Amino acid sequence: MEVHLSPGWIQTPGRSDPPVSARSSWDDRKDANSALLSNYEVFQLLTDLKEQRKESGKNKHSSGQQNLNTITYETLKYISKTPCRHQSPEIVREFLTALKSHKLTKAEKLQLLNHRPVTAVEIQLMVEESEERLTEEQIEALLHTVTSILPAEPEAEQKKNTNSNVAMDEEDPA
Amino acid sequence: MFVLVEMVDTVRIPPWQFERKLNDSIAEELNKKLANKVVYNVGLCICLFDITKLEDAYVFPGDGASHTKVHFRCVVFHPFLDEILIGKIKGCSPEGVHVSLGFFDDILIPPESLQQPAKFPSHYLVAALTLDPLSDEAEQVWVWEYETEEGAHDLYMDTGEEIRFRVVDESFVDTSPTGPSSADATTSSEELPKKEAPYTLVGSISEPGLGLLSWWTSN
């Protein structure tokens, strides 16, 4: 599905322009981290792009646009199945402010934002050396921050509610 | 999972598009060129984020189109090392488990990445990944056999299941076309050489919490 573009194949007649150059590399983590995007931001961007293209209408189906259509559709489909689709800029801001006290790296905060972990095991996966850096109470507090600020999938919430209703009914006859 | 990458490129706008706003034409051309394409050592480009700088546009003799040097930022899929991702199992093969994210398919979890960790609690005695010998060729499935006090449980890694994995390695392959090879090279009637994926990720599920989501959900 992906086609490779090698830098430097852009040749304009009569001029030697510098090729497509990208300022990022696997080892360059300091710079790479400053350009990280959360899934929610990409979701917003692609949704807006889709709206814009729907309005302008005419040439969406030309062969040149097919790649953009494919990648936008697939990426939106992927992100829509994650809890990121219910987030908003205010929620993200609130979440990051609440995390300030926990002293996490940017990459760890991003993973918490993207995945919304609900168990301690997931926290241990996303936070490096969590046994040394966080006590059990801190992990509990972190989980509580994550689950209270970040919205969950609505079906998961409903399932939780029906479960608790069933428990209440069982107690009644006693 | 996604990063913003600054890039520079020269965009050619043909004369019949001169009536459109320059920014719109340039955005459309850049998206056409970059969307769903892998840039070597950068990642899979998703779409244009914004244009940061437009330099002067030039028209060259012999070509009526305008050429504009553009500084822009692009949304690129490039997970960082040790990032946790959730994908769907596309299939199993002797090379390992193939995982897909929908928009990106070339993720492989090799068999050796489900280890026997000595420091696990005693009921994770054996974690051996074997290819199920009883299933026929069409349905090869990797199985995680783990033992508890009650006995061995077989956990199948079926196609279509959601799986949480950690990115441990990535590799970029330069697939740009090479020149014509020597005189006794293959003729045009023979098969094309095997297509290599320009960007592949290697994953691992050898930690508690990783693997199929259904293995770790509390009931």
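Residues numbered from 1 in each chain as written. Chains lettered and ligands numbered in written order. Predicted model: local features only at pLDDT ≥ 70, side-chain atom pairs only at ≥ 80, totals over all residues. Heavy atoms only, no water.

Draft legend 1. Representation of the overall build of chain B. For chain B, the helix and strand inventory stands at two helices and 13 strands. Taking all 219 residues of chain B together, the buried fraction comes to 45%. Residue pairs at least 24 apart in sequence account for 63% of intrachain contacts in chain B once pairs closer than 6 positions are excluded. Carbon and sulfur atoms make up 52% of the accessible area of chain B, which amounts to about 11400 Å² in all. (Helix = DSSP H or I, 4+ residues; strand = E, 2+ residues; numbered from the N terminus. Buried < 20%, exposed > 50% of the residue type's maximum accessible area, 1.4 Å probe, protein only. Contact = heavy atoms within 4.5 Å. Areas by Shrake-Rupley, 256 points an atom, 1.4 Å probe, with all protein chains shown as cover.)

Draft legend 2. Region of interest: the packing of helix H4 (residues 89-99) of chain A against helix H8 (residues 136-149) of chain A. All names here are of chain A. Across the interface, H4 lies against H8 with an axial gap of 10 Å and an inter-helix angle of 170°. Taken together, H4 and H8 sit at an angle that is classed as roughly antiparallel. Along the contact surface, H4 presents Ile91, Glu94, Phe95, Ala98 and Leu99, while H8 presents Leu142, Thr145, Val146 and Ile149. Across the contact of H4 with H8, the residue classes break down as seven nonpolar, one polar and one charged. (Axes fitted to C-alpha atoms, helices over the stretch in contact; angles between N-to-C directions. Parallel < 35°, antiparallel > 145°, perpendicular 65-115°, else oblique. Nonpolar A, V, L, I, M, F, W, Y, C, P; charged D, E, K, R; others polar.)

Draft legend 3. Representation of the nonpolar core within the structure. In terms of nonpolar packing, the biggest core is built from 67 residues, with Phe2(B), Ile46(B), Val75(B), Phe77(B), Phe103(B), Phe104(B) and Met157(B) touching the most fellow members. Sort the elements by how many residues they give to this core and helix H2 (residues 39-56) of chain A lands first, with six residues. Beyond its immediate stretch of four places on either side in the chain, Phe2(B) contacts Ala35(A), Leu36(A), Leu37(A), Asn39(A), Val42(A), Thr75(A), Ile79(A), Ile46(B), Val75(B), Val76(B), Phe77(B) and Phe103(B). Counting 20 residues, the second largest nonpolar core, distinct from the first, contains Met7(B), Val11(B), Cys74(B) and Val76(B). (Core = buried A, V, L, I, M, F, W, Y, C linked by side-chain atoms within 4.5 Å.)

Draft legend 4. Spotlight on the confidence of the model for chain A. Residues and elements named next belong to chain A. Overall, the prediction assigns chain A a mean pLDDT of 73, with 66% of residues at 70 or greater. Mean pLDDT per element in chain A: strand S2 (residues 21-22) is the minimum at 42, and strand S3 (residues 36-37) is the maximum at 90. Across residues 6-32, where pLDDT falls below 50, the model places 45 contacts with residues more than four positions away in sequence or in other chains. Low confidence marks residues 167-174, where pLDDT is under 50. Its contacts with residues over four positions away, or in another chain, come to zero contacts. (pLDDT = per-residue confidence, 0-100.)

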